[in-house]
Amino acid sequence: MTDPAADLFGEPALIKGEDKERYMRLFAMVEADMKPKTFLDRMMVQEQTNKIWEEQRLRSNAAALTEGAFPEALEILLRPFCDITTGTSSAIARNYYSGDSKTKEGAASFLAKCGITTAQIQAKAMQINSGGHQTIDRMINNRENSRRGLRKEFERRSAVNDNAPARVSDEPEEGTES
């Protein structure tokens, strides 16, 4: 028999390329930590897992956003050093990030002469995408706050359930009249 809660939740909402087995391992760890007893507890396990997964996804997206801006960042950093004899900053940046090792070596040599470092390229790329990073940070904070709220609610519910008196049945005991 399948788990009714899992059946109601459906498949995890993963983006193409995300690892379902990794998600399920995360779910199992959250479930083991929370030890759900009721359907609502299971729902909180699902929500906690989703929030953690989304936070990880957003952090990965922030890194990808920065990396995607490296060529533009390098182009901007090269502008003061470029003229007709050295070539355009966009051509040098393209050569630096191309797959061809010979053109990349030439561009890297020019960067070294200019004193442009990897750290400077990364910093400029982050500056270029600062609005995107701020948005991602807000999204991560939102998920963290949601997780904390869910955890507090779970702990409150668990404390209430642990301290609740045994439930009295509405059914009359055998041998008594109602």
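This write-up is about the structure you can find in this document. (Residues numbered from 1 in each chain as written. Predicted model: local features only at pLDDT ≥ 70, side-chain atom pairs only at ≥ 80, totals over all residues. Heavy atoms only, no water.)

Section: a nonpolar patch on the surface
(1) Moving on: A grouping of Leu8, Phe39, Leu40 and Met43 is seen on the molecular surface, where their side chains present a nonpolar patch of about 380 Å² in accessible area.
(2) Moving on: Among the elements that take part in the nonpolar patch, helix α3 (residues 39–68) stands out by supplying 3 residues, more than any other.
(3) Moving on: Mapped onto the fold, Met43 is located in helix α3.
(4) Moving on: What makes Met43 partly exposed here is its relative accessible area of 35%. (Patch = residues over 30% accessible without salt bridge, like charges linked within 9 Å, V, L, I, M, F, W, Y side chains within 5 Å. Areas by Shrake-Rupley, 256 points an atom, 1.4 Å probe, with all protein chains shown as cover. Salt bridge = Lys/Arg side-chain N within 4 Å of Asp/Glu carboxyl O. Helix = DSSP H or I, 4+ residues; strand = E, 2+ residues; numbered from the N terminus. Buried < 20%, exposed > 50% of the residue type's maximum accessible area, 1.4 Å probe, protein only.)

A few points about the pattern of salt bridges
(1) Moving on: Here the structure, examined in full by the defined rule, presents 12 salt bridges.
(2) Moving on: A salt bridge links Arg42 to Glu31; the nearest nitrogen and oxygen atoms lie 3.4 Å apart. Remark: Glu31 occurs in helix α2 (residues 20–34) and Arg42 occurs in helix α3; sequence separation between them is 11 residues.
(3) Moving on: Of the charged contacts, one joins Arg143 and Glu54 as a salt bridge, the two residues approaching to 2.9 Å between their closest N and O atoms. Separated by 89 residues along the polypeptide, Arg143 in helix α8 (residues 130–163) and Glu54 in helix α3 bring together distant segments of the chain.
(4) Moving on: The buried category is assigned to Arg143, whose relative accessible area is 18%.

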